[in-house]
Each structure stands twice: as C-alpha cells, then as structure tokens.
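Commentary on secondary and tertiary structure
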Amino acid sequence: MWHPFTQQRGWEEEAPLFIEHAEGADLFDTEGRHYIDGVSSLWCTVHGHRHPSIDRAVREQLGRVAHTTMLGLSHPPAVELARRLVGLAPPGLARVFYSDSGSTAVEVALKMAFQFWQQQGGEAARRTRFVSLRGAYHGDTVGSVSVGGIDLFHSIYRPLLFDTLTAEPGDAADLERILDSHGHEVAAVVVEPIVQGAAGILLHPPGYLRDVRDLCDRHGVLLICDEVAVGFGRTGRMFACEHEGVSPDFLCLAKGITGGYLPLAATLTSERIYEGFLGRFEEFRAFFHGHTYTGNPLACAAALASLDVFEEEQTLERLQPKIALLEDLLGPVAALPGVAEVRQRGLMCGIALAGFPIEERMGHRVTLEARDRGAIVRPLGDVVILMPPLSISAEKLTRLVEIVGAAIAAAVAAAPLPVAA
Ligand SMILES: *Cc1c(COP(=O)(O)O)cnc(C)c1O
C-alpha cells in the first residue's frame, strides 16, 4: 500500500498500528491495546464510533438498498437528508448537490460559481477568477488545490493550477483592496469560516467573516464557505457561519456529515444560483458534474441518523461545558517548554511547537509519545492537533490532554534545544 500524505520510506520501520475495532472515543489495535481517538479519525467522528443509532440506521438501509444512482433516479434518504440540511443551514441555502468528499464539495462550488456567471452572459461572464486565503486548505483535487494556500502541499502543482488572487487571512482591508481593483472579474471568494483547519487551527478575528460577506455583497461577488472541517458542531455551533450570522452563497459540507461513517459530501446553494442553471434541454445549461457514488443511500442514512443523534443527545448543548473544560486543560499545556501558542475554537485546537529544526519532526515525535501513552493524535507539521469526538466524556477529554501534555514534555526533553528565533 501507499499511504496518503506519507513518506513511505521509513514508514514500515515505524511499526504501523493496525486498528481492529473501535468503541465510542476509543480505538483498539490488533494487539489489544486501546487509544483515545484524539483527532476523530481525521476530524470526522462526531458521536463516537459504533454509535448504536447510526449502526442501526445503516443496517436498516442495507436491508433496502446499498447503492443506487442519482443520475436519472432519486431515493428517499437523499431527499429527506437534503430537506434536513436546508432546515439546519443558514437562511437562503435552498438546494443540495451531493458528492463524496470535501474536495469534491469545494470543486462543485467552484465550478457552479464559474458556470453560473458564464450563463449570466454579458459583463457577468468576465467573472472568472477566485479569491482565496493564504494558508487555505480546500482538498486535493486540482480545482480545490488551485484555491489552496499551503505551499508544502500545493506549490509543486502550481503549473497545473488556475491562477487565483490571494488575500491575507483575517485582514478585511486586504480583501477590500483586492476586490476594489479586481471585484468585477471575481466569481467568488472562498474561505474556511472562523477557523482555517489545515493551516494549523488558525483563528480569524471576530467580525472577519461578516466583513467578508459585506465586501462580497458590495462587489456582487459570491461567497463559498468551506465548512468541511468546522461544520457539524466542531466550533460549538452546528455551522461556523452561525457565529457571525452569515449566509454564504455556497456551503460545502463533508467530514462530519455522516457522523464519520461513510464518504458523503454536500454543496448547498441558493435558489438564485439554482435558477441560473435552468433552461431548455438544448440550451445545455445543466451542471455537467456528478460522481458515481453521489448521494449514496447508506451514507445518507448514516447522515440522517447522525442529525437525529444531535437532537436526541442534545450534542451541542452538552458540548459547551466540554469546550470550557478544554480551555482550562490547555492552560498548563501552553506553559510547557517548546510550546509557542495554543489556539482553540470549540472542540478543535492546535498546539504550536516552535523553534525546532524541521528534520526533528517534533509534531511527529509527539504523536509517537502520545501513542505510547494511549492516545492517537496527528500533527500538521509542528502543530499538534486535537479534535476529539464531540461525544467524548469530560473524563476522557481530561485524560487526552494530560497524555498530550506528557507527550510534548517527553518529546521536547529528548529533542535538541530549540533554535533561537
Ligand atoms: C479535509 C478538508 C477538505 C477535503 O476533504 P476530503 O474529504 O479529504 O477531500 C476540504 N476542506 C477542508 C476545510 C478540510 O478540512
């Protein structure tokens, strides 16, 4: 096998872990050891593993049909889920286009925004460019990489990508300057609202998202909010846009949408955009895009069950004290030697280590130390990320942060002295 985002040389010597089963917030390996799932199996698991209600919903759907296509056909779980998503999303989002990953959710939004303006014709057809943020991450397909801003992942592909305008994250004046000179040729601004995840949990200042929305409106530009990481309760609200009362023109959802069970994504948009694609068959204004597993019934059934669990277990209400607890627990971590900054919003946090030579792979060392102590975490470079399931108990959350603190202390003690800045 060839693993994602992995230098294969050396991988096997590091004794990979094989996960055999899981339960709640715990992963169990084939040797019988268990670990707290500190990153929700890559930011997806919302209500814990093997949640009885979601398990049951998937099994029941298996008794009906596992897969049927959305090309030319429909099915009840897809319709029901679309209705539920529109009901939960910020006002104005009225239509749901399914795909199967965060990358495709963003790819769909980009292509829809582009095609929408082309079909408007006239001056509007000059709106062909996108504005994205430095440090942005929107997925790994070529379109979503084009609006990405993480050099380590993206710069090698530059010759393959379309050209974008890059704004400084959190700096509304910078976006204003860009739109003042290029507004008429911009199709859409794309942002991860409130928190840029893969940038290392980068927090935008309060009011920034509101300003972005206002600037887009002033210049007639569409706004794409990529909530693939922050959606489904991660920041303490169902969707991060709610913190600033913002309705985007496109809302991209994936990762947590099925509670972390199956690959599914949705791109929500407004009636206005939808209507821009209507016409007679021979006008060819249809959206020419669709993936084979788009709107898979098993995935839709899992997503519906996950939304039910949000209601039944009052997930968001019960999350608030855990967010406060996490903040308290992170205090001592921030004071550890080698820790430069701790950034938290909701139940997502990044612990930035600083001053170590890159080849020391401090983030990775912390991962190995944490593993020895019973927790799975995965860093982004030298930022240790914590993203436990929203359902994690206060007790287990405390244990997780203790383990990570001890792992950082051990890794720092074994490392060469930090390089002076
Ligand atoms: C993970 C992520 C994506 C990509 O999702 P995939 O399912 O891995 O394709 C896109 N945007 C954001 C903000 C993400 O965190």
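Everything below is about the structure shown above.
In this report, we go over the structure that sits alongside the text.

**Description of the overall build of the protein chain**
Along the backbone of the protein chain there are 13 helices and 17 strands. Expected size for 421 residues packed as a compact globule is a radius of gyration near 22 Å; at 22 Å, the protein chain falls within 12% of this value. Each principal axis of the C-alpha atoms in the protein chain carries an extent, and together these give about 65 × 55 × 40 Å. Taken over 421 residues, the protein chain has a buried fraction of 53%. By sequence separation, contacts in the protein chain at least 24 residues apart represent 72% of the contacts at least 6 residues apart. Surface exposure of the protein chain reaches about 18,800 Å², of which carbon and sulfur atoms provide 56%. Averaging the positions of the 36 positive and the 52 negative side-chain charges in the protein chain gives two centres separated by 2 Å.

**Quick look at the site of the ligand**
All residues in the neighbourhood of the ligand are listed as Trp43, Ser101, Gly102, Ser103, Tyr137, His138, Gly139, Glu192, Asp226, Val228, Ala229 and Lys255. Within the side chain of Ser101, a nitrogen or oxygen atom sits 3.5 Å from an oxygen atom of the ligand. Side-chain polar atom of Asp226 to a nitrogen atom of the ligand: 2.7 Å apart, as the coordinates give it. Protein burial of the ligand: of its 380 Å² of free accessible surface, 83% is covered by the chains. Taken together, the residues that form the shell around the ligand break down as 4 nonpolar, 5 polar and 3 charged.

**A closer look at the environment of Thr128**
In this structure, Thr128 sits in the loop between helix H4 (102–120) and strand E5 (129–133). In this structure, the C-alpha to C-alpha distance between Thr128 and Thr164, residues 36 residues apart in sequence, is 9.8 Å. Excluding residues within four positions of it along the chain, Thr128 makes contact with Phe114, Gln118, Glu185 and Ala187.

**Section: the packing of helix H3 (residues 76–88) against helix H10 (residues 297–312)**
It is at 9 Å that the axes of H3 and H10 come closest, and there the two elements cross at 40°. When the axis of H3 is compared with that of H10, the two are oblique. Viewed along their axes, H3 and H10 form a crossing whose handedness is left-handed. Here H3 contributes Pro77, Ala78, Glu80, Leu81, Arg84, Leu85 and Leu88 to the contact with H10, which in turn contributes Pro297, Cys300, Ala301, Ala303, Leu304, Leu307, Asp308 and Glu311.

**Some thoughts on unusual backbone geometry**
For Ile194, which is not glycine, the phi dihedral falls at a positive 70°. Among the secondary structure elements, Ile194 is positioned in the loop between strand E7 (186–191) and strand E8 (195–196).

**A short note on the state of the cysteines**
On inspection of all chains with the given rule, the structure shows 0 disulfides. Among the cysteines around Cys241, which has no disulfide bond, Cys225 carries the closest sulfur, lying 3.7 Å off.

**Regarding the pattern of salt bridges**
Close approach of charged atoms allows side chains of opposite charge to pair. By the definition in use, this model includes 23 salt bridges. For the salt bridge of Glu23 with Arg50, the shortest nitrogen-to-oxygen distance reads 3.0 Å. Residue Glu23 is located in strand E1 (residues 19–23), and its partner Arg50 is located in the loop between helix H1 (40–43) and helix H2 (52–62); the two are separated by 27 residues in the primary sequence. Note that Glu369 is salt-bridged to Arg373, the shortest N-O span being 2.8 Å. Of this pair, Glu369 and Arg373 both sit in helix H12 (residues 362–373), 4 residues apart, which is roughly one turn of that helix. We classify Arg373 as partly exposed; its relative accessible area is 31%. Because the salt bridges share partners, they merge into one network encompassing Arg84, Asp308 and Glu311.

**Thoughts on the nonpolar core**
Core analysis: the largest hydrophobic core is formed by 92 residues, its most contacted members being Leu81, Leu85, Val131, Val189, Phe232, Ile351 and Ile408. In terms of residue count, the dominant contributor to this core is helix H13 (residues 394–414) (9 residues). Shared between two domains, this core holds at least three residues of each, these being domain 1 (8–50 + 314–414) and domain 2 (54–312). With sequence-adjacent residues up to four places away left out, Leu81 is seen in contact with Tyr98, Leu264, Cys300, Ala303, Leu304 and Leu307.

**Some details on the side chain of Thr294**
In this fold, Thr294 is placed in the loop between helix H9 (271–275) and H10. Not counting chain neighbours up to four residues away, the residues in contact with Thr294 comprise Met70, Tyr98, Ser99 and Asp100.

**Looking at the sheet that holds strand E3 (residues 34–37)**
Taken in spatial order, the 4 strands line up as E1-E2-E3-E15 in an open sheet, and their pairing is mixed. The strands lining the two open edges of the sheet, one partner per strand, are E1 and strand E15 (375–376). In this sheet, E3 lies alongside strand E2 (residues 26–29) in antiparallel orientation, the contact comprising 3 bridges. Bridging from a neighbouring strand, Leu27 pairs with Tyr35 of E3. Packing against the sheet, H13 makes contact with E2, E3 and E15, and its axis sits at approximately 100° to E3.

Conventions and cut-offs
- Residues numbered from 1 in each chain as written.
- Predicted model: local features only at pLDDT ≥ 70, side-chain atom pairs only at ≥ 80, totals over all residues.
- Heavy atoms only, no water.
- Helix = DSSP H or I, 4+ residues; strand = E, 2+ residues; numbered from the N terminus.
- Rg over C-alpha atoms; globule rule 2.2 N^0.38 Å.
- Buried < 20%, exposed > 50% of the residue type's maximum accessible area, 1.4 Å probe, protein only.
- Contact = heavy atoms within 4.5 Å.
- Areas by Shrake-Rupley, 256 points an atom, 1.4 Å probe, with all protein chains shown as cover.
- Lys, Arg positive; Asp, Glu negative; His and termini not counted.
- Charge placed at Lys NZ, Arg CZ, Asp CG, Glu CD.
- Near = heavy atom within 4 Å.
- Polar contact = N/O pair within 3.5 Å; in protein donor to acceptor, adjacent residues only side chain to side chain.
- Nonpolar A, V, L, I, M, F, W, Y, C, P; charged D, E, K, R; others polar.
- Axes fitted to C-alpha atoms, helices over the stretch in contact; angles between N-to-C directions.
- Parallel < 35°, antiparallel > 145°, perpendicular 65-115°, else oblique.
- Left-handed = near helix turned anticlockwise from the far one by under 90°.
- Disulfide = S-S within 2.5 Å.
- Salt bridge = Lys/Arg side-chain N within 4 Å of Asp/Glu carboxyl O.
- Core = buried A, V, L, I, M, F, W, Y, C linked by side-chain atoms within 4.5 Å.
- Domains from an automatic or database assignment.
- Pairing = 2+ DSSP bridges.

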